[in-house]
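# A closer look at the structure
What follows is each chain in one-letter form.
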Amino acid sequence: MLAAKLSTDGRRSQRIRCHIRGTLEFIGQKLTMRVLDISKSGMAIHLEGWIEAKRGATVSVYCAELGHMECTVRWYRAGKMGLEFDQTTNTVAQITAYFRNFHRDPCNLVSI
C-alpha cells in the first residue's frame, strides 16, 4: 500500500480557515457549531455545548454553504471536534462545489 504524502505538520490535507456556522446532530442531540477550518477530506469545528459523540461515531452536519452531510468523528476535546467527510458521491460533490464557489484561489490554502 502506498503511503499518503503528508504536509510538514503531519497532516494529509491542507486546511483553509473559515467561519461557517451550522448545526451538528447526533442521535437526536442538536448543537450549534462553527467550522474553524476545512479541507477536502474533513473539517475542525467548535461546538457551542457538549454532545455524547465519541471517536468513530457518525454525525450529521448542516451548513448553508455545505448543505447536509454525514461525517465521522476523528477526535473530540475541549469543545472542538475533528470530522472526516464520508466519501459518498453526494458529499464529494458538495465539497467540490464548496471549494469551487468559495475558495477559487489556491493561495488561500494554509497548513494549520
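Residues numbered from 1 in each chain as written. Predicted model: local features only at pLDDT ≥ 70, side-chain atom pairs only at ≥ 80, totals over all residues. Heavy atoms only, no water.

## Topic: the sheet that holds strand E5 (residues 67-77)
To keep things clear, this is the line we draw: Here, strands pair whenever DSSP counts at least two bridges between them. Runs of E in the DSSP output that reach at least two residues are strands. Runs of H or I that reach at least four are helices, and both are numbered from the N terminus. Here the axes come from fitting lines to C-alpha atoms, over the contacting stretch only for helices, and the angles between their N-to-C directions go from 0 to 180 degrees. Contacts are assigned to residue pairs that have any heavy atoms within 4.5 Å of one another.
In space, the 6 strands of this closed barrel follow the order E1-E2-E3-E6-E5-E4, with antiparallel pairing throughout. Each adjacent strand pair in this sheet contributes to an overall mean axis angle of 45°, direction not counted. Relative to strand E2 (residues 29-38), strand E1 (residues 16-26) runs antiparallel, the two being bridged by 9 bridges. If you follow glutamate 25 over to E2, its bridge partner there is lysine 30. Sheet contacts for helix H1 (residues 89-102): E1, E2, E5 and strand E6 (80-85); angle to E5, the most-contacted strand, approximately 90°.

## Remarks on the environment of serine 39
For clarity, the threshold we go by: Burial status follows relative accessibility: with a 1.4 Å probe on protein chains alone, a residue under 20% of its type maximum counts as buried, one over 50% as exposed, and anything between as partly exposed. We call two N or O atoms a polar contact when they sit within 3.5 Å, provided that within protein one can donate a hydrogen and the other can accept it, with sequence-adjacent residues counted only if both atoms are side-chain atoms.
Take serine 39: it is sitting in the loop between E2 and strand E3 (42-47). Taking the relative accessible area as the measure of exposure, serine 39 reaches 1% and is therefore buried. Between the alpha carbons of serine 39 and glutamate 84 there is a distance of 9.4 Å; along the sequence they are 45 residues apart. Separated by 3.2 Å, the side chain of serine 39 and the backbone nitrogen of serine 41 make a polar contact.

## Details of the pairing of E1
The side-chain alternation of E1 yields one buried face, formed by Ile16, Cys18, Ile20, Gly22, Leu24 and Phe26, and one unburied face, formed by Arg17, His19, Arg21, Thr23 and Glu25. Bridge count between E1 and strand E4 (residues 58-63): 4 bridges; the pairing is antiparallel. Considered in E4, the bridge of threonine 23 is made with tyrosine 62.

## Considerations on the packing of aromatic side chains
Here is the rule we go by: The rule is short: rings of Phe, Tyr and Trp, with Trp giving its six-membered ring, pair when the centres are within 6.5 Å, and they are stacked under 30 degrees, edge-to-face over 60, tilted in between. A ring is scored as having a charge over it whenever the NZ atom of a lysine or the CZ atom of an arginine sits within 6 Å of its centre and within 35 degrees of its normal.
On inspection of all chains with the given rule, the structure shows 1 aromatic pair. On the numbers, 5.5 Å between centres and 80° between planes, the contact of tyrosine 98 with phenylalanine 99 is edge-to-face. Judged by its relative accessible area of 3%, tyrosine 98 is buried. The positively charged end of arginine 77 is found above the aromatic ring belonging to tryptophan 75, 4.5 Å away from the centroid.

## Quick word on the nonpolar core
Rule in force here: For this analysis, a nonpolar core means a set of buried residues of the types Ala, Val, Leu, Ile, Met, Phe, Trp, Tyr and Cys, connected via side-chain atoms within 4.5 Å.
By size, the foremost hydrophobic cluster in this structure holds 28 residues, and its most contacted members are Leu24, Ile38, Met43 and Leu83. Mapped by element, the contributors of at least two residues to this core are E1, E2, E3, E4, E5, E6 and H1. Looking at this core, the element that brings in the most residues is E1, giving 5 residues. Setting aside chain neighbours within four positions, we find isoleucine 38 in contact with Gln14, Arg15, Ile16, Cys18, Met43, Leu66, Phe85, Tyr98 and Phe99.

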